[in-house]
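What follows is the residue order along each chain.
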Amino acid sequence: MVMPIGPLMIEHRTIEKMIALLAVEADSVAESGTVHPVLLDSAVDFIRTYADRTHHGKEEDILFRDLAKKDLSAQDQSMMQELINEHTYARQAVRDLVEAKERYLTGDTAAIEAIVEQLRALVGLYPPHIEKEDKHFFPAAMRYLSRAEQDAMLEEMHAFDQKMIHEKYKSVVEQFSAQRA
Ligand SMILES: [Fe+2]
Ligand SMILES: [Fe+2]
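The text that follows walks through the structure, step by step, so that each part is easy to find. (Residues numbered from 1 in each chain as written. Chains lettered and ligands numbered in written order. Predicted model: local features only at pLDDT ≥ 70, side-chain atom pairs only at ≥ 80, totals over all residues.)

On to the nonpolar core. Of all hydrophobic cores here, the largest spans 18 residues; its most connected members are L22, V35, L97, I115, L119 and L122. Listed by contribution, the elements that provide at least two residues to this core are α1 (5-32), α2 (37-67), α3 (74-105) and α4 (111-142). If sequence neighbours within four positions are ignored, I115 has contacts with V29, V35, L97, A100, K101 and Y104. Membership of the second largest hydrophobic core comes to 7 residues, among which are L63, L83, F137 and A141. (Core = buried A, V, L, I, M, F, W, Y, C linked by C-beta atoms within 7 Å. Buried ≥ 20, exposed ≤ 12 C-beta atoms within 10 Å, placed from the backbone. Helix = DSSP H or I, 4+ residues; strand = E, 2+ residues; numbered from the N terminus. Contact = placed C-beta atoms within 7 Å.)

Moving on: helix α5 (residues 147-180). Across its 34 residues, α5 extends 50 Å between first and last C-alpha, which sits within 8% of the 50 Å expected from 1.5 Å per residue. The largest bend along α5 measures about 25° and falls at M164. The buried count for α5 comes to 2 of 34 residues, which makes it a mostly uncovered element. (Expected span 1.5 Å × (residues − 1). Bend = angle between axes of the 7 residues up to and from the residue.)

Along the chain, T49 falls in helix α2. A count of 18 C-beta atoms within 10 Å places T49 in the partly exposed class. Separated by 118 residues in the primary sequence, T49 and E167 place their C-alpha atoms 9.6 Å from one another.

Okay, here's the thing in structure tokens:
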């Protein structure tokens, strides 16, 4: 019996691996005083497309949306709000990271500090966020949903995932063409 939190928890394992790499990268940037922009771009793409759009997308647009219609306990309600706030915080950290990387590319070496700071913000945010979901919020959340509701949710998550690769590469083409225009 697959629960809708199953695929989300599998995605957590992939996010954790990237976050561990970013922890090493933050130390290496801090130590060397140089940034590998291509590596950073691929980390930003991972966080935006996979961790945020695909993963937080399923959490917020499907799981949290349906739970908002349920009579959640005060504790579960406030935990869900905390999780949403943490997603917002992660989005801001990525925006600040991209902005710092752009400053670095124009020759502003002071931007290195901001890059390290935002990398460490993400490294600090994700492991406890994921643990809160895996160990506390997700198991609690499943108790509000019937088997039929869970099945419908799984199907919707699957359809959501199917859209992602098309959305991603459509946006790659659009960005490329905007740069060429
Ligand atoms: Fe989350
Ligand atoms: Fe999550």
